[in-house]
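# Residue-level structural notes
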Amino acid sequence: MDIPRIFNITESAHRIHNPITPEKLATLGAALRLESGARVLDLGSGSGEMLCTWAHDHGVIGTGIDMSQLFTEQAKLRAVELGVADQVKFIHGDAAGYVSDEKVDVAACVGATWIAGGVAGTIELLARSLRTGGIILIGEPYWRQLPPTEEVAKGCLANSISGFLMLPELLASFGHLGYDVVEMVLADQDGWDRYEAAKWLTMRRWLEANPGDEFAKDVRAKLTSEPERYAAYTREYLGWGVFALMPR
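The rules behind the values
- Residues numbered from 1 in each chain as written.
- Predicted model: local features only at pLDDT ≥ 70, side-chain atom pairs only at ≥ 80, totals over all residues.
- Heavy atoms only, no water.
- Helix = DSSP H or I, 4+ residues; strand = E, 2+ residues; numbered from the N terminus.
- Buried < 20%, exposed > 50% of the residue type's maximum accessible area, 1.4 Å probe, protein only.
- Contact = heavy atoms within 4.5 Å.
- Areas by Shrake-Rupley, 256 points an atom, 1.4 Å probe, with all protein chains shown as cover.
- Lys, Arg positive; Asp, Glu negative; His and termini not counted.
- Charge placed at Lys NZ, Arg CZ, Asp CG, Glu CD.
- Salt bridge = Lys/Arg side-chain N within 4 Å of Asp/Glu carboxyl O.
- Core = buried A, V, L, I, M, F, W, Y, C linked by side-chain atoms within 4.5 Å.
- Axes fitted to C-alpha atoms, helices over the stretch in contact; angles between N-to-C directions.
- Parallel < 35°, antiparallel > 145°, perpendicular 65-115°, else oblique.
- Left-handed = near helix turned anticlockwise from the far one by under 90°.
- Nonpolar A, V, L, I, M, F, W, Y, C, P; charged D, E, K, R; others polar.
- Arc of directions from axis to C-beta.
- Phe/Tyr/Trp six-rings, centres within 6.5 Å; stacked < 30°, edge-to-face > 60°.

### Regarding the overall build of the protein chain
If you tally the helices and strands in the protein chain, you get nine helices and seven strands. When the backbone C-alpha atoms are referred to their principal axes, the protein chain occupies close to 50 × 45 × 30 Å. Expressed as a percentage of its 248 residues, the buried residues of the protein chain come to 51%. Within the protein chain, contacts between residues separated by at least 24 positions form 74% of all contacts whose residues are at least 6 apart in sequence. Here the protein chain has roughly 11800 Å² of accessible surface; of this, 53% comes from carbon and sulfur atoms. Of note, the protein chain has its 23 positive side-chain charges centred 1 Å away from the centre of its 33 negative side-chain charges.

This is the structure we're talking about:
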């Protein structure tokens, strides 16, 4: 079980696998008013930066599940590095359908809502692990400006214009599902730059180290095309945020 190899390559040097910066991740943790001992579940936990830093800064305890074996191992190393290995655990596995044995204070899926077929399904899944009065965290893209054509939407790696909503519509959609939006932290273009541009040096270094790999031609093609694609499409049209929800 693993994610597609290209992601394990391009994001192997990332601590955070989405456009939020370490500073904004810290802002989110503070905004949620986390208390020591709060239990957090993170589906699609990547390299564990959210759980590890919040355990270090706020004393939370929790579990992360991710399909990437590489990212899961990186998460375990990060927990040791920050001295929180006794507070958090990371499981290499499929987060789809995962429900915690013990109810949690925060149930999160930050940037991987595909695990349950989209936002609505992921919220429903997370709610099954949530204690009464707890908070759900959803990380999701939205349109900063509506793409003029379907071709532009596909340039943003969306399936179609209808694949994402404008921010007001996304916020309203949470209400339609029966949830109050109680906080949000939005990525900015600098966060997008750090997430996307950091992949390019990683790809170049990988190509230098693996010239004979059968996958090298795919990585070379991606490195050649990605800077222009990103600048023309994603950077201009796509936003991203983490939204804190509580059931009404």
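On we go.
### Re helix α3 (residues 49–58)
Most of α3 is tucked away: seven of the ten residues are buried. Among the residues making up α3, those that are buried are E49, M50, L51, C52, T53, W54 and A55. G59, located one to two residues past α3, shows a positive phi value of around 80°.

### A short note on the side chain of D42
Mapped onto the fold, D42 is located in strand β1 (residues 39–43). Of the side chains with opposite charge, R78 lies nearest to the buried D42, which makes no salt bridge, at 12 Å. Leaving out residues up to four positions away in the same chain, D42 has contacts with M50, L51, T63, G64, I65 and A108.

### Some details on the nonpolar core
Judged by nonpolar contacts, the single largest core of 41 residues is most densely connected at L32, W54, V88, L137 and W143. Core analysis: the second largest hydrophobic core is formed by 23 residues, A95, I123, L126 and L170 among them.

### What to know about the pattern of salt bridges
It is possible for side chains bearing opposite charge to pair when their charged atoms get close. Inspection of the entire model under this criterion finds 16 salt bridges. R248 is the salt-bridge partner of D180, the closest N and O atoms lying 2.8 Å from each other. In this pair, D180 sits in strand β6 (residues 179–186) while R248 sits in the segment after β7 (238–247), placing the two residues 68 residues apart along the sequence. D180 gets classed as partly exposed once you look at its relative accessible area, which sits at 34%. Residue R248 is classed as exposed on the basis of its relative accessible area of 66%. Residue D218 is joined to K217 by a salt bridge in which the shortest nitrogen-to-oxygen separation is 3.9 Å. Its relative accessible area of 61% is what places K217 among the exposed residues. Here the salt bridges do not stand alone but share partners, grouping R15, E49, R78 and E81 into one network.

### Here's the deal with the environment of E73
Its place among the elements puts E73 in helix α4 (residues 69–81). Between the C-alpha atom of E73 and that of H92, which follows or precedes it by 19 residues, the distance is 8.4 Å.

### A short note on the packing of helix α2 (residues 22–31) against α3
Relative to each other, α2 and α3 sit at 55°, their axes nearing to 10 Å. Taken together, the axes of α2 and α3 are oblique relative to one another. Considering how the two elements wind past one another, α2 and α3 form a crossing that is right-handed. Residues L25, L28, G29 and A30 of α2 pack against E49, M50, T53, W54 and H58 of α3. Each residue belonging to the contact of α2 with α3 can be placed in one class, and the counts come to five nonpolar, three polar and one charged.

### Some points on helix α5 (residues 119–127)
Listed in full, the buried residues belonging to α5 are V119, T122, I123, L125 and L126. One face of α5 carries all of its buried residues, which in axial projection span an arc of 160°.

### Observations regarding the packing of helix α8 (residues 189–209) against helix α9 (residues 216–237)
Two elements in contact, α8 and α9, have axes separated by 9 Å at closest approach and are oriented at 165°. The orientation of α8 with respect to α9, classified from their angle, is roughly antiparallel. Where α8 crosses over α9, the handedness of that crossing is left-handed. Across from Q189, W192, D193, E196, W200, M203, R204, W206 and L207 in α8, the residues of α9 making contact are A216, V219, R220, K222, L223, E226, P227, R229, Y230, T234, R235 and E236.

### A short note on the packing of aromatic side chains
All told, the structure shown has four aromatic pairs when counted by the stated rule. Measuring from ring centre to ring centre gives 5.5 Å for W143 and F164, while their planes differ by 70°; the resulting arrangement is edge-to-face. Of this pair, W143 sits in strand β5 (residues 130–143) while F164 sits in the loop between α6 (150–155) and α7 (167–176), placing them 21 residues apart in sequence. The burial state of W143 is the same as that of F164; both residues are buried. Measuring from ring centre to ring centre gives 6.3 Å for W192 and Y195, while their planes differ by 55°; the resulting arrangement is tilted. With a gap of three residues between them, W192 and Y195 both fall in helix α8, about one helical turn apart. Take W192 and Y195: they sit in the same class, and that class is buried.

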